[in-house]
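Per-entry structural report
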Amino acid sequence: MKGIAVTGMGIISAIGRDIEETHLSLKYGKNGISFPEILPTKHKDLPVGEIKLSNSELSELLNLPEDHSYTRAALLGIYAIKELLENSAYDQFPEDTGFISGTSIGGIDMTEKHFYDYKNNPEKRKYIQAQHPGYTTEKIAEYFGLNGMITTISTACSSSANAIMMGAQMIESGKLMRVIVGGSDCLTKFTLNGFNSLKILSTKNSRPFDNARDGLNLGEAAGYLMLEAEDCINGKTVLGRVSGYGNANDAFHQTASSENGEGAFQAISKALKKANLSTTDIDFINAHGTGTKNNDLSESVALKRIFGDKVPYFSSTKGFTGHTLGAAGAVEAIFSLLAIQKGEMFPNLNFSTEMLETGLGPVTGFQKKNINTMLSNSFGFGGNCTSLIFQRNE
Amino acid sequence: MNRELFVHNSIVIRNSKVYKNGQLIFEAETDLSISKFLKKIYKQQELKYPKFFKMDNLSKLGYLGVELLTHGDIQDKETALVFANSSSSLETDTAYAETMNEFPSPSLFVYTLPNIMLGEISIRHQLRSENVFFISEDFDPGLFVDYSKALFQQKKVVNVLCGWVDLHNNEYDVFLWQIALSGGKKFNEEELKKLYLPTHE
């Protein structure tokens, strides 16, 4: 056995409302970065990866009753999992299916919208409990009638990568036969102002790994994968396998990455060890590459420490989607599986000059390439670093 | 492989009291604000870690709990951290959100994630080990058992430090314990429940 089978996936982000549209955007270099139209912020000059569907439009597409209490993250999550279900072998998910969802924002969007209504408008009070990050997970589970292990992981920008890791671990240990893993996060004023206060948002489209990079763009998305134990596969199409995973703490700073990229280095090393692979087996890397000075340098140093002077092809897709925080790990897991399935490397947008410190250059144009093994990195605030390895099903 | 696991030590911080392995080891006046209570523990324990004063209260609870649990010494640097709570970082979220009306505070924003506490603990003890942070409505012993057992089963670790560190409306509920392959009480849901709420026996 070479890892846990992925038998389904679904996604919504600023570059597409399903797998197919997402793939075409990646292939043709079509980014989803725009100025905020749906998020009611005064920062109209900060580019974001916004999904151009309002909550009421999403509700309509999902045929939800008008008085529902879903957060935006729940709406996006349901939207993505509906696609997963449609493409799966199931009409309905078996009841014992587990559900592990990552989020960093939970239902803060609803608190922002309705906080001042709570006092005088009892109808809005249903959103008070929606602030709880677990509420979004429970609402998604309830929608699909999921009754297995249901849990929420909150480890900042590695949340959904950790959900994938945990799902794989639960299947390996025999605790679950089938589990939906991934994450969902929406844009909020809370995060836009917070990242802005840290002075790490770019006023232009982000330029991961470029020497002149000056910050990230926030984004929103939901992405989910179905993981299944061997006994459940029964001839189903296996889209790829999760064969390695590693998590480590950078133990350096609340929000900044260390100069030597120790956390990233450890996470990648652990993932390679778990997958029983050597550095030369990695064909392509989906980098975390947020476009901030700090992350991209730290990650580049870690890549050089791991791979020496033979750093594999790598690319950050944050220029397409923005940084979708807790959803990023799952979104990029899907991109990684698409790269393996289609034999394609998706470009790192907006790159022109290698950074002086490392001289590393990412893949800048769409390229065909046979890819058997992908590494995907997700690093979060709090020093939480996760690396996942995906392989072709053989 | 299903080896038996054991709980080594435990710490409970609740209602102005600190218990280690079920024994009351520290008590403060009940009308003390949480900040003062935490500072009192810090002083009483003669801790010397100036970063403490920069942390938000959730991180302070986690930091102090781990110091008390381990006597400030985690020998196995591969010890995994498996933490959870119910209220995420809500206290600091609220404080930060209030600054958004004027000038959003970066020093508060950096603490608006519950796993920053794991970062603080990792920095303090120079751990580069596996971390996870769950959100669940109530203390869920089954989740800790399942996740920790999977870590041991895969031979990823020989030590795990678990924590339930919740803080909401100035009410705190802290329960920390260590798991290893030998010694102490058996690690299962029943024992955890007993250690968590000994008064409900």
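Conventions used here
Residues numbered from 1 in each chain as written. Chains lettered and ligands numbered in written order. Predicted model: local features only at pLDDT ≥ 70, side-chain atom pairs only at ≥ 80, totals over all residues. UniProt positions renumbered as here; feature names shortened; annotations may be inferred. Helix = DSSP H or I, 4+ residues; strand = E, 2+ residues; numbered from the N terminus. Rg over C-alpha atoms; globule rule 2.2 N^0.38 Å. Buried ≥ 20, exposed ≤ 12 C-beta atoms within 10 Å, placed from the backbone. Contact = placed C-beta atoms within 7 Å. Core = buried A, V, L, I, M, F, W, Y, C linked by C-beta atoms within 7 Å. Domains from an automatic or database assignment. Axes fitted to C-alpha atoms, helices over the stretch in contact; angles between N-to-C directions. Parallel < 35°, antiparallel > 145°, perpendicular 65-115°, else oblique. Left-handed = near helix turned anticlockwise from the far one by under 90°. Pairing = 2+ DSSP bridges. Nonpolar A, V, L, I, M, F, W, Y, C, P; charged D, E, K, R; others polar. Arc of directions from axis to C-beta.

As recorded in an unreviewed UniProt entry, chain A goes by the name Beta-ketoacyl-[acyl-carrier-protein] synthase family protein, listed as coming from Christiangramia sediminis. Its UniProt record gives chain A a comment under Sequence similarities (unreviewed entry), which states: "Belongs to the thiolase-like superfamily. Beta-ketoacyl-ACP synthases family."

A count of helical and extended segments in chain B gives seven helices and eight strands. In terms of overall dimensions, chain B is globule-like: its C-alpha atoms have a radius of gyration of 17 Å, near the 17 Å expected for 201 residues. Expressed along its principal axes, the backbone C-alpha trace of chain B runs to roughly 55 × 35 × 35 Å. Out of the 201 residues in chain B, the part that is buried amounts to 48%.

Okay, the overall build of chain A next. In terms of regular secondary structure, chain A is built from twelve helices and 14 strands. In terms of overall dimensions, chain A is globule-like: its C-alpha atoms have a radius of gyration of 19 Å, near the 21 Å expected for 394 residues.

Residues and elements named next belong to chain A. On the secondary structure map, Phe307 appears in helix α10 (residues 293-307). Sequence separation between Phe307 and Thr279 is 28 residues, and the spatial gap between their C-alpha atoms is 6.1 Å. Discounting chain neighbours no more than four positions away, the residues touching Phe307 are Thr279 and Pro312.

Once that is clear, we can look at the nonpolar core. Core analysis: the largest hydrophobic core is formed by 165 residues, its most contacted members being Ile164(A), Leu225(A) and Leu227(A). Shared between two domains, this core holds at least three residues of each, these being domain 1 (4-233) and domain 2 (243-391) of chain A. For Ile164(A), the residues in contact, after removing those within four places along its chain, are Val181(A), Leu225(A), Val242(A), Gly329(A), Ala330(A), Ala333(A) and Leu388(A). Membership of the second largest hydrophobic core comes to five residues, among which are Ala251(A), Ile74(B), Ile123(B) and Leu127(B).

Attention shifts here to the packing of helix α9 (residues 262-275) of chain A against α10(A). All names here are of chain A. Here α9 crosses α10 at 45 degrees, and the two axes come no closer than 8 Å. Classified by the angle between their axes, α9 and α10 sit oblique to one another. For the element pair α9 and α10, the recorded crossing hand is right-handed. When α9 is examined against α10, the residues Ala264, Phe265, Ile268 and Ser269 are found in contact with a partner set consisting of Ser298, Glu299, Ala302, Arg305 and Ile306.

Here we take up the environment of Ser148(B). All names here are of chain B. Relative to the elements of secondary structure, Ser148 occurs in helix α6 (residues 141-153). By the C-beta count within 10 Å, which is 20 here, Ser148 ends up buried. Once residues within four sequence positions are removed from consideration, Ser148 is found in contact with Val82, Val160, Cys162 and Ile179.

Moving on, we get to the pairing of strand β5 (residues 131-135) of chain B. Residues in a regular strand project their side chains so that they alternate between the two faces of the sheet. Residue and element names in this part refer to chain B. In terms of burial, β5 is a largely internal element, five of the five residues being buried. In this sheet, β5 lies alongside strand β4 (residues 80-85) in parallel orientation, the contact comprising five bridges. In the sheet register, Ala84 faces β5, and the bridge partner there is Phe134.

What follows deals with helix α5 (residues 133-144) of chain A. Every buried residue belonging to α5(A) is among Pro133(A), Gly134(A), Tyr135(A), Thr136(A), Thr137(A), Lys139(A), Ile140(A) and Ala141(A), and all of these are buried. Here the buried face of α5(A) lies against α3 (72-87), β3 (98-102), β4 (150-153) and β5 (178-185) of chain A together with β5 of chain B. Gly145(A) sits one or two positions beyond α5(A) and adopts a positive phi of about 65 degrees.

Listed as interface residues are 37 residues of chain B and, on the opposing side, 37 residues of chain A. Where the side of chain B that touches chain A is concerned, the elements lending two or more residues are α3 (90-99), α4 (106-109), α5 (116-125), β5 and α6 of chain B. Of the residues that constitute the side of chain B that touches chain A, the class distribution is 20 nonpolar, twelve polar and five charged. When β4(A) meets β5(B), the two strands line up antiparallel, connected through two bridges.

Residue and element names in this part refer to chain A. Contact geometry for helix α6 (residues 159-172) and helix α12 (residues 328-342): axes closest at 5 Å, N-to-C directions at 65 degrees. Classified by the angle between their axes, α6 and α12 sit roughly perpendicular to one another. Touching Ser159, Ser160, Ala161, Ala163 and Ile164 of α6 are Ala328, Gly329, Ala330 and Ala333, all from α12. Residues of the contact of α6 with α12, tallied by class, amount to six nonpolar, three polar and no charged.

A word on helix α1 (residues 19-27) of chain A. Residue and element names in this part refer to chain A. All of the buried residues along α1 are Ile19, Thr22, His23, Ser25 and Leu26. Looking straight down α1, one finds that the buried residues subtend no more than 160 degrees of arc, so they occupy a single side. Exposed and oriented more than 90 degrees from the buried face of α1 are Glu20 and Leu24. Residues of α1 that are buried make contact with β1 (4-13), α3, α11 (318-321) and α12. Once α1 ends, the next one or two residues include Gly29, with phi positive near 65 degrees.

All names here are of chain A. With ten of ten residues buried, strand β8 (residues 240-249) lies mostly within the body of the structure. Two elements, β1 and β8, share three bridges in a ladder whose sense is antiparallel. Opposite Val6, over in β8, you have Gly240 as the bridge partner. Two strands pair when backbone bridges link them, and β8 and strand β14 (residues 384-391) are joined in this way by eight bridges, in the antiparallel orientation. By the bridge assignment for β14, Arg241 is matched with Gln391.

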